[in-house]
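Here is how the chains run, residue by residue.
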Amino acid sequence: MASPRPVPLQWELQIMSTAPTTGPHAAVSGLQWGDEGKGKVVDLLTRRYDYIVRYNGGANAGHSVVIGDQRYALHLIPSGILHEGKINVIGNGVVVDPAQLISEMDTLAQRGIDIGDNLRLSTRAHLVLPYHKLQDALMEAAVSASRGEHKAIGTTGRGIGPAYADKMHRSTGLRAGDLLDPERFADKLKHVVALKNAMLGATADLAGAEFEPIDADELTEAYLGYGEVLASHICDTQHLLHTGMADGKKLLFEGANGCMLDIDHGTYPYVTSSNCGAVGIYAGSGVPGGTVGRTVGIMKAYTTRVGAGPFATELDDEVGQRIRDRGNEYGTTTGRPRRCGWLDLAVVKYTAAVNGVTELSLMLLDVLAGFDTLKVCVGYELDGKAVEGFPSSSVEYERVTPVYEQVPGFADEVTDCEDYDHLPGAAKQYVELIEQHVGLPVSIVSVGPARNQTMIREAHAPVSA
Ligand code: IMP
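Residues numbered from 1 in each chain as written. Predicted model: local features only at pLDDT ≥ 70, side-chain atom pairs only at ≥ 80, totals over all residues. Heavy atoms only, no water.

Looking at the domain arrangement of the chain
Link 1 in the chain: We note that the domain assignment places domain 1 (9-122 + 236-456) and domain 2 (126-230) within the chain.
Link 2 in the chain: Computed over C-alpha atoms, the centres of domain 1 and domain 2 are 29 Å apart.
Link 3 in the chain: Contacts between the two partners involve 30 residues from domain 1 and, on the opposite side, 22 residues from domain 2.
Link 4 in the chain: In total, about 2000 Å² of surface goes out of reach between domain 1 and domain 2, with carbon and sulfur atoms giving 62% of it.
Link 5 in the chain: Counting across the interface, domain 1 meets domain 2 through 1 salt bridge.
Link 6 in the chain: In this structure, aspartate 97 engages lysine 133 in a salt bridge whose closest nitrogen and oxygen atoms are separated by 2.8 Å.
Link 7 in the chain: Applying the counting criterion to the domain 1 and domain 2 interface returns 7 residue pairs in polar contact (both at pLDDT 80 or more).
Link 8 in the chain: Listing elements by their share of the side of domain 1 that touches domain 2, those giving two or more residues are strand S6 (95-96), helix H3 (98-110) and strand S7 (119-122).
Link 9 in the chain: Residue composition of the side of domain 1 that touches domain 2, by class: 14 nonpolar, 14 polar and 2 charged. (Domains from an automatic or database assignment. Contact = heavy atoms within 4.5 Å. Buried area = accessible area lost by both parts, 1.4 Å probe. Salt bridge = Lys/Arg side-chain N within 4 Å of Asp/Glu carboxyl O. Polar contact = N/O pair within 3.5 Å; in protein donor to acceptor, adjacent residues only side chain to side chain. Helix = DSSP H or I, 4+ residues; strand = E, 2+ residues; numbered from the N terminus. Nonpolar A, V, L, I, M, F, W, Y, C, P; charged D, E, K, R; others polar.)

Here it is in structure tokens:
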């Protein structure tokens, strides 16, 4: 009798990866370096789900949603807050700056959005404190001073890395649930502030920067004040989600940042400090692996990146500037101009595979109208040889040469197009090229920020969750 084969053959792998998944829950994941337009897709899908869950990142993310003539910029609150009757969960994997959260809640309330039981914050979510933001800025300055500006990460300055580092240090981490026990919170914060003042003072010396020590009492008072405002929202969200699932409720996970910024699978060290992709859902919310059946991968029709780090298809010329201007590519969180480049399908294919994406949502196709020809990167070469897989080292990635396919552009504006069949032929060809190279269907095509500037190709969504 022949012995069993331990490794599946290629065709078996293909069948396994295209087998329909049936889980009732879904996820939205950004497949590039963030800012892909996830907020809009979450908003479109929300009506089918009961709980909208953030599981990673913090106020470094910026999700904009346009409803009618109103634009909402959300950083910490899930986009589902704009819909009535949905429960919006900030899971344990998020790092929360309570001052930012309260300001977002106030802004939404002033615009007539109800904030009550529909917003829940995990007791286990770690807090961002002002010393995290200081540490973020001083570390960047110290690295720039000693190794040159290009070695700094180019963070958003929101204290994200230092807050996650304290979570891992444990003895210096503070969680939202700690705000509910003022005495214990005050006691721990006093010790942490003493430590931080010593560390930050030394880092400031290296950076050649001024440093004013933090006053533990003032900080404690401010944070306990935030705790009072947030108390009614803080709960065990893991239990909430499990109870919801047992009651037949459907969950939609809203990824923040983008998979190329994932701490493990992105272009390390030029990444953020969490698992941004679908891999982060389980750790960041406490639901069991396999919960998600439908994963919508969000991609722009071109590529952008903010901050430092390699970017193979970057256009540092008038073509890049044209994309930046037409796409209004300036950060929602920091206002920084985004770096722009041609669509990189080597990136999308890689992130779609890592995240188990089941369908693609193509955003900002309208930005590419008016080009005679378009270039799409379909792979890389390194030292004259085709690169297999995706380089795991940024140093190696920096050296790759993109292999481009040149395709015809489309002259006509497409912002008013409501039916996929009415898109110019070259625009449809562009969509099909993506499907062919990534091996996944494009089920949503977006041609503008408004809800009605979206073509949903129902028949192309393999999973109907
Ligand atoms: P941090 O998350 O602030 O530590 O920044 C680390 C890197 O991730 C920097 O290059 C940021 O510009 C980038 N980054 C973090 N969040 C986002 C996002 O939501 N969109 C785009 N870039 C982001």
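Quick look at the site of the ligand
Link 1 in the chain: Taken together, 16 residues lie near the ligand, and Asn60, Thr156, Asn257, Thr272 and Arg336 sit nearest.
Link 2 in the chain: Between the ligand and threonine 156, the relevant distance is 2.6 Å, taken from an oxygen atom to a side-chain nitrogen or oxygen of the residue.
Link 3 in the chain: The side chain of asparagine 257 places a nitrogen or oxygen atom 3.0 Å from a nitrogen atom of the ligand.
Link 4 in the chain: Within the complex, the protein chains bury 97% of what would otherwise be the 470 Å² of accessible surface of the ligand.
Link 5 in the chain: Classifying every residue of the shell around the ligand gives 6 nonpolar, 8 polar and 2 charged.
Link 6 in the chain: The residues that make up the shell around the ligand include at least three from each of domain 1 (9-122 + 236-456) and domain 2 (126-230). (Near = heavy atom within 4 Å. Areas by Shrake-Rupley, 256 points an atom, 1.4 Å probe, with all protein chains shown as cover.)

Let's talk about the side chain of asparagine 92
Link 1 in the chain: Among the structural elements, asparagine 92 can be located in the loop between strand S5 (87-90) and S6.
Link 2 in the chain: What makes asparagine 92 buried here is its relative accessible area of 12%.
Link 3 in the chain: Within the local environment of asparagine 92, its side chain forms a polar contact with the backbone nitrogen of serine 285, the two atoms lying 3.4 Å apart.
Link 4 in the chain: Beyond its immediate chain neighbours, meaning those up to four positions away, asparagine 92 contacts Ser122, Arg124, Ala125, His126, Lys167, Thr237, Ala283, Gly284, Ser285 and Gly286. (Buried < 20%, exposed > 50% of the residue type's maximum accessible area, 1.4 Å probe, protein only.)

Some thoughts on the pairing of strand S4 (residues 70-74)
Successive residues of a regular strand alternate their side chains across the two faces of the sheet.
Link 1 in the chain: Two strands pair when backbone bridges link them, and strand S3 (residues 63-67) and S4 are joined in this way by 5 bridges, in the antiparallel orientation. Its bridge partner being in S4, valine 66 is matched across the sheet by arginine 71.
Link 2 in the chain: Where S3 hands over to S4, the hairpin turn is made up of 2 residues, of which glycine 68 adopts a positive phi near 60°. (Pairing = 2+ DSSP bridges.)

Things to note about the sheet that holds strand S15 (residues 359-363)
Link 1 in the chain: Taken together, 10 strands build an open sheet; the order of strands is S9-S7-S5-S2-S10-S1-S11-S15-S19-S20 and the sheet is mixed. The sheet is open, and its two borders are formed by strand S9 (234-235) and strand S20 (454-456), each paired with just one other strand.
Link 2 in the chain: Relative to S9, S7 runs parallel, the two being bridged by 2 bridges. If you follow leucine 121 over to S9, its bridge partner there is isoleucine 234.

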